[in-house]
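Chain by chain, the residues run as shown.
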Amino acid sequence: MEQYVRADHPVLETGKTRLGKRLAPYALTAPGALWLLIFFLIPMGAMLVLALETPVQTTGFVSRGYQFTWHFGQFGEAFRLYHTQLFRSLNYATIVTILTLVVGYPVAYWIAFYGGRRKTTYLFLLLLPFFVSFVIRSLAWQFILSDDGIVIRNLERWHIVPSGFHILSTTTAVIAGITYNALPFMILPLYVSLEKIDRSVVEAAKDLYANKRDVFLKVILPLSVPGIFAGFLLTFVPAVGDYVNAEILGGTGTTMIGNVIQFEFLTNNDYPMASALAFILMVGLLIGILIYGRVLGTRQIEEYV
Amino acid sequence: MNDDRSDEGRIDSAFLRGVTQRRLSRREVLRYAGTGVGAAGLAAFLAACGAKSPSPGGTTSVAVGTPDWWSKQTQAGILNFANWPYYIDTSKGEHPTLETFTKNTGIEVNYRPVINDNAEFFAKIKPFLQQGKDTGWDLMVLTNGPQLSELIANNWLIPLDLSLLPNFTANASPLVKDPAYDPGNKYTVTWQSGFTGMGYAPEAVQALGRAPTSLADLWDPRLKGHVGMMSDNTELGSIGLLKLGIEPSTSTPDDWTKAAAELEKQKPLVRGYYGQPYINQLQDRNTWISQAWSGDIFIANQSGYPELKFLVPKEGVMIWHDNMMIPALAQHPLDAITYMNYAYQPLVAAKLADYIWYVTPVPAAKDIVLNQLQDPTVAKSPLVFPDTAMDQQAHQYYTFKGQEDLTEWNNTFEPIIQS
């Protein structure tokens with residue numbers, strides 16, 4: 001591996017097999033690059049093109065398709081109509097990410113440091129519920145938490161919650177649903193980064209009279225930052241685009257940007273509007289992640305992810 | 001439904017089916033197997049990028065759908081039939097009426113319950129139609145609504161020859177003849193119909209201190225947090241119009257704005273805007289009162305929720321029709337129209353009605369369900385065989401004249417749902 005990474009080293013350029021060696025890194029990354037090109041860049045370009053199209057003037061329902069008109073106003077219009085749902089999605093996803101981190105970190109920590117021989121078993125148990133389709137799991141929550149279901153009915157009977165209390169169809173239900181679904185995606189990378197920490201480093205910190213708090217804050221936490229970063233990406237990005245939880249567990253005032261895109265695409269058949277929304281979301285996320293990566297410093301992350 | 005106690009001693013089939021099978025209504029759950037949506041969306045998206053060609057139009061010398069054209073068609077012995085789930089008689093995985101049809105005509109039916117949503121199914125076939133290609137279906141069932149209007153406006157359906165549909169002429173209910181959305185039944189004949197009214201649970205009666213009677217009860221603050229409305233904006237908008245006493249079929253954009261304001265006022269009381277799962281919300285008591293489709297309440301009654309009631313509010317109900325139609329360039333049109341005619345035989349209609357439990361377009365089926373199939377629960381239900389009082393309460397939907405129209409409607413009512 002090392003020699004490929006150093007392919008541009010001047011010494012190599014004078015070598016006999018220099019061409020092969022110089023091309024090797026590109027050849028190795030080609031499948032990945034091709035994948036990105038076909039499944040990311042080209043669709044994204046197509047989406048941008050479609051967002052800039054307008055329908056051909058029609059009478060009645062006669063459909064003449066779309067024409068390309070550089071209609072940049074589409075983006076403004078999309079933002080004006082749906083900024084509430086866009087910001088709500090970002091807001092939900094932020095809360096979800098923080099919650100999964102708070103809940104997931106101790107779990108990952110415990111498994112990594114105290115899991116012993118059973119580490120794999122614990123990880124497997126953690127993933128077990130996720131062998132069931134997530135739509136089915138969300139529907140199950142709907143059943144369990146319904147107003148007349150076993151949870152709410154009993155809580156009301158014991159006067160823990162006032163009568164008429166409900167959890168479904170609320171913001172809380174949607175956020176909790178996404179958090180539940182996203183949890184393993186936070187725990188797994190955290191576990192990997194915590195597991196990788198050299199235990200002798202922890203020992204050394206203790207030898208140098210660091211108390212438990214300092215060991216954690218000054219040694220373990222900084223060393224697990226790559227895991228946090230990866231967990232953030234795997235949780236935040238899907239959470240922003242989620243629409244199933246809002247559909248199944250939500251009520252009024254919980255519509256997310258994914259639901260809006262689905263509506264514009266499949267019900268309203270307004271492809272330019274749907275494309276513009278999807279493009280805004282995607283570019284917004286990309287920029288956000290790039291800035292975030294700069295701030296946290298991605299150098300070490302490459303080693304972990 | 002309890003007034004049938006007198007002729008006990010024989011367990012009626014509908015009841016048995018109700019207690020032994022948890023009947024999922026059509027449109028249910030599958031809608032949520034949402035990944036399919038993504039796939040459909042992608043196909044439509046890719047097609048939309050390249051779809052610039054106008055509608056196909058006829059390529060043969062004789063105009064498509066004229067009696068001359070029909071007389072030149074020959075029976076192929078195959079019928080590709082797209083329908084909604086749980087929307088045909090089923091017994092042990094087979095469809096008896098389809099088997100009889102095959103026996104009588106020699107036409108093999110490739111029956112597929114692939115339609116879960118009008119807009120979604122239309123999004124799948126539209127790219128084919130735009131490019132002048134065969135959709136693969138000979139017969140499909142879609143509700144009267146903007147998608148049907150668009151199909152008709154673009155010549156994407158093959159006109160029917162009513163002389164090939166003598167059973168329709170003889171047996172169809174006046175409710176489904178010459179409808180506003182398809183004058184003269186030029187392109188469609190109804191498969192089944194249904195009413196959109198209200199459903200409620202005993203909790204609503206408790207909260208109100210009386211049984212609900214009108215749409216205004218959906219606006220009653222005592223039911224706060226337990227009111228269910230529909231996420232289909234045609235349904236939602238229409239009920240807003242009815243509440244204000246405006247006839248939906250002749251309403252204007254100004255009326256729509258007023259109705260939207262009325263619905264906006266209702267929003268703090270609303271638990272959610274639901275698709276088909278509204279019925280589950282009602283069964284689970286998350287909602288106590290809800291906009292509802294007639295057949296669903298009847299199905300719920302037969303499958304463990306006898307306490308739910310359907311209400312024809314004093315302002316009226318909406319009536320919708322799911323229609324059979326033949327898409328343009330269908331490969332086996334004669335087979336399709338032969339089936340349409342078959343479905344309008346009273347005995348066949350009765351067997352369908354006795355399973356589907358929505359409103360059959362053949363009133364003569366009622367006596368057959370009662371006497372021959374011996375299923376009085378179904379035959380006597382006004383939800384399956386509506387009485388004239390119910391018919392008179394039925395209002396027609398607004399028929400969209402074009403995309404501008406539809407966009408205006410969507411922009412008026414959709415913000416209430418997508419909040």
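Nothing here was measured: the structure is a model prediction, and the numbers come from that model.

Reading the values: rules and limits
- Residues numbered from 1 in each chain as written.
- Chains lettered and ligands numbered in written order.
- Predicted model: local features only at pLDDT ≥ 70, side-chain atom pairs only at ≥ 80, totals over all residues.
- Heavy atoms only, no water.
- Helix = DSSP H or I, 4+ residues; strand = E, 2+ residues; numbered from the N terminus.
- Rg over C-alpha atoms; globule rule 2.2 N^0.38 Å.
- Buried < 20%, exposed > 50% of the residue type's maximum accessible area, 1.4 Å probe, protein only.
- Contact = heavy atoms within 4.5 Å.
- Areas by Shrake-Rupley, 256 points an atom, 1.4 Å probe, with all protein chains shown as cover.
- Lys, Arg positive; Asp, Glu negative; His and termini not counted.
- Charge placed at Lys NZ, Arg CZ, Asp CG, Glu CD.
- Axes fitted to C-alpha atoms, helices over the stretch in contact; angles between N-to-C directions.
- Parallel < 35°, antiparallel > 145°, perpendicular 65-115°, else oblique.
- Left-handed = near helix turned anticlockwise from the far one by under 90°.
- Nonpolar A, V, L, I, M, F, W, Y, C, P; charged D, E, K, R; others polar.
- Salt bridge = Lys/Arg side-chain N within 4 Å of Asp/Glu carboxyl O.
- Polar contact = N/O pair within 3.5 Å; in protein donor to acceptor, adjacent residues only side chain to side chain.
- Phe/Tyr/Trp six-rings, centres within 6.5 Å; stacked < 30°, edge-to-face > 60°.
- Lys NZ or Arg CZ within 6 Å of the ring centre and 35° of its normal.
- Pairing = 2+ DSSP bridges.
- Core = buried A, V, L, I, M, F, W, Y, C linked by side-chain atoms within 4.5 Å.
- pLDDT = per-residue confidence, 0-100.

Caption draft 1: Looking closely at the overall build of chain A. Along chain A, the regular secondary structure elements total 15 helices and two strands. The globule rule puts the C-alpha radius of gyration for 305 residues at 19 Å, and the 25 Å found for chain A is more than 25% above it. Overall, chain A is about 75 × 70 × 30 Å in size when its C-alpha atoms are taken along their principal axes. Looking at chain A as a whole, 38% of its 305 residues qualify as buried. Expressed as a percentage of contacts within chain A between residues at least 6 apart in sequence, the contacts between residues at least 24 apart total 66%. A total of about 17,300 Å² of accessible surface is found on chain A, and carbon and sulfur atoms cover 68% of it. If you average the places of the 22 positive and of the 19 negative side-chain charges in chain A, the two averages end up 8 Å apart.

Caption draft 2: Geometry of helix H6 (residues 146–153) of chain B. All names here are of chain B. Counted residue by residue, H6 has seven buried out of eight residues, so it is predominantly covered. Those residues of H6 not exposed but buried are Pro146, Gln147, Leu148, Ser149, Glu150, Leu151 and Ile152. Packed against the buried residues of H6 are helix H5 (118–130), strand S3 (139–143), strand S4 (188–200), strand S9 (317–325) and helix H18 (403–417). Phi turns positive, to about 60°, at Asn155, one or two residues after H6.

Caption draft 3: Representation of the packing of helix H4 (residues 73–114) of chain A against helix H5 (residues 119–127) of chain A within the structure. All names here are of chain A. Packing of H4 against H5 leaves a shortest axis separation of 9 Å and a crossing angle of 155°. Put simply, H4 runs roughly antiparallel to H5. Along this stretch, H4 crosses H5, giving a crossing that reads as left-handed. Counting all contacts with H4, which are made through Val107, Trp110, Ile111 and Ala112, the residues of H5 involved are Lys119, Tyr122, Leu123 and Leu126. Grouping the amino acids of the contact of H4 with H5 by side-chain chemistry returns seven nonpolar, no polar and one charged.

Caption draft 4: Local environment of the interface of chain B and chain A. If you look at the interface, chain B gives 47 residues, while chain A gives 43 residues. There are one salt bridge connecting chain B and chain A. A salt bridge links A:Asp147 to B:Arg271; the shortest N-O distance between them is 2.9 Å. Taken together, the connections running from chain B to chain A amount to six residue pairs in polar contact (both at pLDDT 80 or more). Of all the elements in the fold, those that place two or more residues in the side of chain B that touches chain A are helix H2 (35–50), H5, H6, strand S6 (270–274) and H18 of chain B. For the side of chain B that touches chain A, the residue count by class is 19 nonpolar, 16 polar and 12 charged.

Caption draft 5: Spotlight on the packing of aromatic side chains. Taken as a whole, this structure holds 41 aromatic pairs over all chains when the rule is applied. Between A:Tyr105 and A:Phe216, the ring centres sit 5.8 Å apart and the planes meet at 90°, which makes this aromatic pair edge-to-face. Placement of the pair is A:Tyr105 in helix H4 and A:Phe216 in helix H10 (residues 212–223), with a sequence separation of 111 residues. These aromatic residues form a ring-pair network of at least three members: B:Phe81, B:Tyr87, B:Phe101, B:Tyr111, B:Trp191, B:Tyr278, B:Trp293, B:Trp320, B:Tyr339, B:Tyr342 and B:Tyr358. Its end group placed over the ring of A:Phe113, A:Arg199 keeps NZ or CZ at 4.3 Å from the ring centre. Between the NZ or CZ atom of B:Lys243 and the centre of the ring of B:Trp219, over which it lies, the distance is 4.6 Å.

Caption draft 6: Geometry of the pattern of salt bridges. Here the structure, examined in full by the defined rule, presents 13 salt bridges over all chains. Put simply, B:Glu307 and B:Arg285 hold a salt bridge, and the shortest N to O gap is 2.6 Å. Placement of B:Glu307 in the loop between helix H12 (294–302) and strand S8 (309–311) and of B:Arg285 in the loop between helix H11 (278–283) and strand S7 (289–293) is noted, with a sequence separation of 22 residues between them. Given the relative accessible area of 9%, B:Arg285 is considered buried. When salt bridges that share partners are traced, they join A:Lys119, A:Glu195 and A:Arg199 into one network.

Caption draft 7: Up close: the pairing of S3(B). Residues and elements named next belong to chain B. The element S3 is largely enclosed, with a buried count of five among its five residues. Residue alternation in S3 divides its side chains into two sets, Leu139, Val141 and Thr143 and Met140 and Leu142, and both sets are buried. In this structure, strand S1 (residues 78–82) lies alongside S3, joined through two bridges in parallel fashion. The partner of Ala82 across the bridge, within S3, is Met140. Here four bridges tie S3 to S9, and the two strands are oriented antiparallel to one another. Looking at the pairing, Val141 lines up with Met324 of S9.

Caption draft 8: Geometry of the nonpolar core. Formed by 126 residues in total, the largest nonpolar core has its most connected members in B:Trp191, B:Met324, B:Ile326 and B:Tyr339. Not counting residues up to four positions away in its chain, the partners in contact with B:Ile326 are B:Trp70, B:Asp138, B:Leu139, B:Trp156, B:Leu157, B:Ile158, B:Leu160, B:Pro333, B:Ala336, B:Ile337 and B:Met340. A:Leu86, A:Ala182, A:Ala276 and A:Leu277 belong to the second largest nonpolar core, which has 39 residues in total.

Caption draft 9: The arrangement of the confidence of the model for chain A in detail. On average, chain A scores 87 in pLDDT, and the residues at 70 or more come to 91%. Mean pLDDT values over the elements of chain A span from 48, in helix H1 (residues 2–5) of chain A, up to 95, in H4(A).

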